[in-house]
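Structural features, examined
As a plain string of letters, each chain reads:
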Amino acid sequence: MKNILNRRTFVATVAALAVSTSALAMSAANAAEKVKLRLSAPASATDQRAVALTEVFAPAVAEFAEFEPHWNATLFKQGTELEAIARGNLEMSITSAQELAVFFPEFSIFTAGYVHQDAAHQVAVFNDALMEPFKQKVEDELGVKLLSVMYLGRRQVNLRQDKDELTVKTPDDLAGVNLRMPGTDAWQFLGKALGANPTPMAFTEVYTALQTGAVDGQDNPLPTVVDAKFYEVTNQIILTSHLVDLNYIALSKAVWESLTPEQQATVQKAADDAAEAGRQAQLKKEEDLVSFLKEQGMEIYEPDVAAFRDRVQGMYLESDYAANWPDGLLDKINALGN
């Protein structure tokens, strides 16, 4: 906690200086000169987010801004982008709720299982008034404006057993199932909340572990199942959608305030349009992969998602993870979904 507070204090101080100095510098610049928007992100150039920002966002703001993306964390190391924006050394990034939770622990609610139900629910939550205090705090203390939310995909449960051997409808059906999950405490907690026996293991070991039966299954988005060829050593996918992952398009507040109202409106629309383009592309990819996986002989079906959601959310609310969540916020988020 001390490290988090130190980091937040440092960034808040630097952000205040960066906002004032950057705003003065920009206002003094030649009005005809384009604003440079350097974006640093760990994503590759072929990632759906990268494609959307390059093909949709960049042309939309080209009249007054030059979008200069740096993919594969080639400009700033992953996890340092927010501080770079706060210092005035970077204009844009694609950031996660996990990264924001380092500075603002209340953001951890957006990293918990079953908080976001699907891509549309993510948008509804982001655009709702309940998000305003979160956005404002990021602006005030980091000098970062969150423009829009980008959909990354849904994590599903993938098992060696075929459906005749084990049909999963509720969390009780995962009792005794050795489910590989990433090794951090947060991931292991989510595995237990799903009803399984979570097993920490390096990603590079998962294929062999599934092949030999060292673990019964693993959880990942469908693109990962295909890219890692897990369908070769498993027989079913349960569409639990237990984590609907996201990123936020982040912009320097100093840059935002240097723009005219018309330019701000253009940037906001460009970010929303890029997020929507990436969202639809990712949803289409997931849909196509379901068809591909079925062709490979995989059994794919949806369990009682409500039963999973009730159990997982209940366990989070009784845990230390919810200690920083505003009272009643989870109910408000749930009310925006199904």
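Up top is the structure.
Report on the accompanying structure. (Residues numbered from 1 in each chain as written. Predicted model: local features only at pLDDT ≥ 70, side-chain atom pairs only at ≥ 80, totals over all residues. Heavy atoms only, no water.)

Considering the overall build of the protein
Scanning the protein from N- to C-terminus turns up 13 helices and 9 strands. Relative to a compact globule of 338 residues, whose C-alpha radius of gyration would be 20 Å, the protein shows 21 Å and is just as compact. Counting only C-alpha atoms, the protein reaches 70 × 40 × 35 Å along its principal axes. In the protein, once contacts between residues fewer than 6 apart in sequence are set aside, the share between residues at least 24 apart is 77%. Counting every atom, the protein has about 15,000 Å² of accessible surface; 50% of that belongs to carbon and sulfur. (Helix = DSSP H or I, 4+ residues; strand = E, 2+ residues; numbered from the N terminus. Rg over C-alpha atoms; globule rule 2.2 N^0.38 Å. Contact = heavy atoms within 4.5 Å. Areas by Shrake-Rupley, 256 points an atom, 1.4 Å probe, with all protein chains shown as cover.)

Some words on the packing of helix H2 (residues 48–61) against helix H11 (residues 261–295)
Packed helix pairs are characterised by how far apart their axes lie and by the angle those axes make with each other. Their axes nearest at 8 Å, the elements H2 and H11 cross at an angle of 150°. Regarding the angle of H2 to H11, the classification is roughly antiparallel. Where H2 crosses over H11, the two elements pack in a sense that is right-handed. In this structure, H2 uses Gln 48, Ala 52, Leu 53, Val 56, Phe 57, Ala 60 and Val 61 to contact H11, whose residues at the interface are Thr 266, Val 267, Ala 270, Ala 271, Asp 273, Ala 274, Ala 277, Gly 278, Ala 281, Gln 282 and Lys 285. Taken together, the residues of the contact of H2 with H11 break down into 12 nonpolar, 4 polar and 2 charged. (Axes fitted to C-alpha atoms, helices over the stretch in contact; angles between N-to-C directions. Parallel < 35°, antiparallel > 145°, perpendicular 65-115°, else oblique. Left-handed = near helix turned anticlockwise from the far one by under 90°. Nonpolar A, V, L, I, M, F, W, Y, C, P; charged D, E, K, R; others polar.)

Quick look at the packing of aromatic side chains
Under the defined criterion, the tally for this structure stands at 14 aromatic pairs. Measuring from ring centre to ring centre gives 5.0 Å for Phe 189 and Tyr 321, while their planes differ by 50°; the resulting arrangement is tilted. Note that Phe 189 is positioned in helix H7 (residues 185–193) and Tyr 321 in the loop between helix H12 (305–317) and helix H13 (329–335), a separation of 132 residues in sequence. Classification of Phe 189 as buried rests on a relative accessible area of 16%. What links up through ring pairs into an aromatic cluster is the set Phe 103, Phe 104, Phe 107, Phe 110, Phe 126, Phe 134 and Tyr 248. Of note, Lys 163 hangs over the ring of Tyr 301, and the distance from its end group to the ring centre comes to 4.3 Å. (Phe/Tyr/Trp six-rings, centres within 6.5 Å; stacked < 30°, edge-to-face > 60°. Buried < 20%, exposed > 50% of the residue type's maximum accessible area, 1.4 Å probe, protein only. Lys NZ or Arg CZ within 6 Å of the ring centre and 35° of its normal.)

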